[in-house]
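# Per-entry structural report
Residues per chain, in single letters:
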Amino acid sequence: MDESREFISGIIPPKERTEPAWWFIFQEDRLLTYQKSESITIPFLMDLKELGLRVIRQNYLGQLNHHHCYAGEAAEGVTPPTGMNFEGMRQVYGRLDDDLFWIAARAVQIVDWDWTHQFCGRCGVQLRMKPTERAKECPQCGLLHFPRLAPAIIVLVERGQELLLARSRHFPPGMYSVLAGFVEPGESLEEAVGREVKEEVGVDLKDIKYFGSQPWPFPHSLMIGFTATYAGGEISLNDSEIEGAGWFTINNLPRLPGKISIARKLIDGFLAKQEKTSED
Ligand SMILES: [Zn+2]
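Let me sum up the structure you'll find in this document. (Residues numbered from 1 in each chain as written. Predicted model: local features only at pLDDT ≥ 70, side-chain atom pairs only at ≥ 80, totals over all residues. Heavy atoms only, no water.)

The antiparallel open sheet is built from 3 strands, whose spatial order is β9-β10-β11. Whereas interior strands pair on both sides, the edge strands pair on one side only; in this sheet they are β9 (128-129) and β11 (144-145). Direction of pairing for β9 relative to strand β10 (residues 136-137): antiparallel, over a ladder of 2 bridges. Considered in β10, the bridge of R128 is made with E137. (Pairing = 2+ DSSP bridges. Helix = DSSP H or I, 4+ residues; strand = E, 2+ residues; numbered from the N terminus.)

The structure is reproduced here in structure tokens:
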């Protein structure tokens, strides 16, 4: 996400380490943090033992700006060390350094995968880590188990100076966003965009164009963003998840999603284009 961040992914930890490392420790999906002046941070230590915290599984992640990074899972029910807390990923966004946040987003998915893929789904035998890639293999049947990723499309639909926004029943009061949905097996991303918008609001699209992507660790999605142009149809709500949808302009915007999301980047991109057009 951030051009200045240098992250080199890795699976084999260094044999010897002379510098402290970043420790992304989770209890289920909550990250171990502590307050440091105005913001929060995570442990940066030579050895996790310094915390006296029992960690049941550990994975090496790679190097962030030349510092080694590890993910770990705290044993169930352990209390955080004095002065530290386990906090949800949504709660730490904006308070934790941006680079650390996006590595934490990677770490939480690897911790979850390690925890939920201990046995082969085909034959039930205990899996072992593959030494050469981020995967586990079954010693009996050879089946490989990779970290789970659920691709989801998200699309900004425009009609002249208007954009299409919708409200899910689960959104905070008054908030609208662009439409999104999971990709189905056998579908291309563009097909998923067309189907999702048709299903949810009954509108047809053209000019579906790739915008950008973002990992979305809630719990293991990859959001793939698109822009598209309205091609026909009237808005009709066909999905019980969507409780409102409409066309908005820069002058009558509802409450929008937070800066963390690609949804907001899509909307901000559209608004910037409108402002530029009105200046010309
Ligand atoms: Zn197996």
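Further remarks concern the packing of aromatic side chains. A full pass over the atoms with the stated rule returns 9 aromatic pairs. Ring geometry for W23 and Y70: centres 4.6 Å apart, planes at 15°, overall stacked. Within this pair, whereas W23 is found in strand β2 (residues 21-27), its partner Y70 is found in strand β7 (residues 67-74), the two being separated by 47 residues in sequence. Across the pair, Y70 and W23 agree in class, each one buried. (Phe/Tyr/Trp six-rings, centres within 6.5 Å; stacked < 30°, edge-to-face > 60°. Buried < 20%, exposed > 50% of the residue type's maximum accessible area, 1.4 Å probe, protein only.)

What follows covers the coordination of the zinc ion. Protein-derived coordination of the zinc ion comes from C120 (SG), C123 (SG), C138 (SG) and C141 (SG), at a distance range of 2.3 to 2.4 Å. The class of C120 is buried, set by a relative accessible area of 5%. Since its relative accessible area comes to 29%, C123 is described here as partly exposed. (Donors = N, O, S within 2.8 Å, 3.2 Å for Na, K, Ca; no water.)

What follows deals with the side chain of E158. Relative to the assigned elements, E158 resides in strand β12 (residues 150-159). A distance of 2.9 Å separates the side chain of E158 from the side chain of K273, its partner in a polar contact. Not counting chain neighbours up to four residues away, the residues in contact with E158 comprise L163, A228, T229, Y230, W247, F270 and K273. (Polar contact = N/O pair within 3.5 Å; in protein donor to acceptor, adjacent residues only side chain to side chain. Contact = heavy atoms within 4.5 Å.)

Let us now look at the environment of E243. Position of E243 relative to the elements: it lies in strand β17 (residues 242-248). Judged by relative accessible area, E243 falls into the partly exposed class, the value being 44%. A C-alpha to C-alpha distance of 30 Å links E243 and R148, two positions 95 residues apart in sequence. Beyond its immediate sequence surroundings of up to four residues, E243 is in contact with R167, S168, R169 and L237.

All right, on to helix α3 (residues 189-201) then. Spanning 13 residues, α3 covers 18 Å between terminal C-alpha atoms, matching the ideal 18 Å at 1.5 Å per step. Of the residues making up α3, those classed as buried are A192, V193, R195, E196, V197, E200 and V201. Against β12, β13 (162-168), β14 (179-182), β15 (204-216), β16 (221-232) and β17 lie the buried residues of α3. One or two positions beyond α3, positive phi appears at G202, with a value near 75°. (Expected span 1.5 Å × (residues − 1).)

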